[in-house]
Amino acid sequence: MRKTGTETDAELLRAIAAERDRRAFEELYRRYAPWLTARLRGRCADAGVVDDVVQETFLAVWRGSARYREDAPGGDAAGWLWRIGSRRLIDVLRGDGARGRLRQALARLRHRDEASAEDRVLAGVEHGDLAGALVRLSPELRAVLQATVIDGLTTREAAVLLDIPPGTVKTRALRARKQLREALA
């Protein structure tokens, strides 16, 4: 592989898969590790867990256990890495049990005045009625919308991430959409 540093993400991923090209892997890591870390920290206050998940995500890429398909719907590298990382985070949180949930609850209390990156972006929209409608939703409804719409998680994955039953995720999603429809009508 050429050494220009201007390769596309797909070229880097092909070089990693076919040739186990260390330079291509390092470039991909440089491009996406900070972004993935920031996104995951919006979902988990434990920086150690997030760092482990980021490392596991890129390790799966290096080992080839995660297969990138350029022709897949939404086949961009960032989305692909986010799906791997978010699912690994869910697995870690699911495996942590009650102690992990307690740690998360305490971390949320400690950082409750700090808005997540997604909350700041949503609240920072200066024009349009959608921002106002989103701000008026309860935190529980916003969290479900964020998990299912913004992050693209399934109902089951959102339930694990938010530590609520899948039926509650569905109910809150319906209620949030109804309130947004009414606010925007």
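That block above? That's the structure.
None of the values given here were measured: they were computed from a predicted structure.

> What should I look at first to understand the overall build of the protein in this one?
Broken down by element type, the protein carries 9 helices and 0 strands. For the protein, the sequential pattern of α-helices and β-strands runs α-α-α-α-α-α-α-α-α. Taking all 185 residues of the protein together, the buried fraction comes to 39%. Once local pairs closer than 6 in sequence are excluded, the contacts in the protein between residues at least 24 apart make up 57%. As presented, the protein carries roughly 11100 Å² of accessible surface, and 53% of it is formed by carbon and sulfur atoms.

> So what exactly am I meant to see when it comes to unusual backbone geometry here?
Most peptide bonds take the trans configuration, and most residues that are not glycine carry a negative phi. One non-glycine residue, Arg20, lies in positive phi territory at about 50°. If you trace the backbone, Arg20 turns up in the loop between α1 (9-19) and α2 (22-41). Of note in this structure, Asp163 is not a glycine but carries a positive phi near 60°. For Asp163, the position within the fold is in the loop between α8 (155-162) and α9 (166-184). Among the residues examined, Asp163 registers a relative accessible area of 48% and is labelled partly exposed.

Calculation criteria
- Residues numbered from 1 in each chain as written.
- Predicted model: local features only at pLDDT ≥ 70, side-chain atom pairs only at ≥ 80, totals over all residues.
- Heavy atoms only, no water.
- Helix = DSSP H or I, 4+ residues; strand = E, 2+ residues; numbered from the N terminus.
- Buried < 20%, exposed > 50% of the residue type's maximum accessible area, 1.4 Å probe, protein only.
- Contact = heavy atoms within 4.5 Å.
- Areas by Shrake-Rupley, 256 points an atom, 1.4 Å probe, with all protein chains shown as cover.

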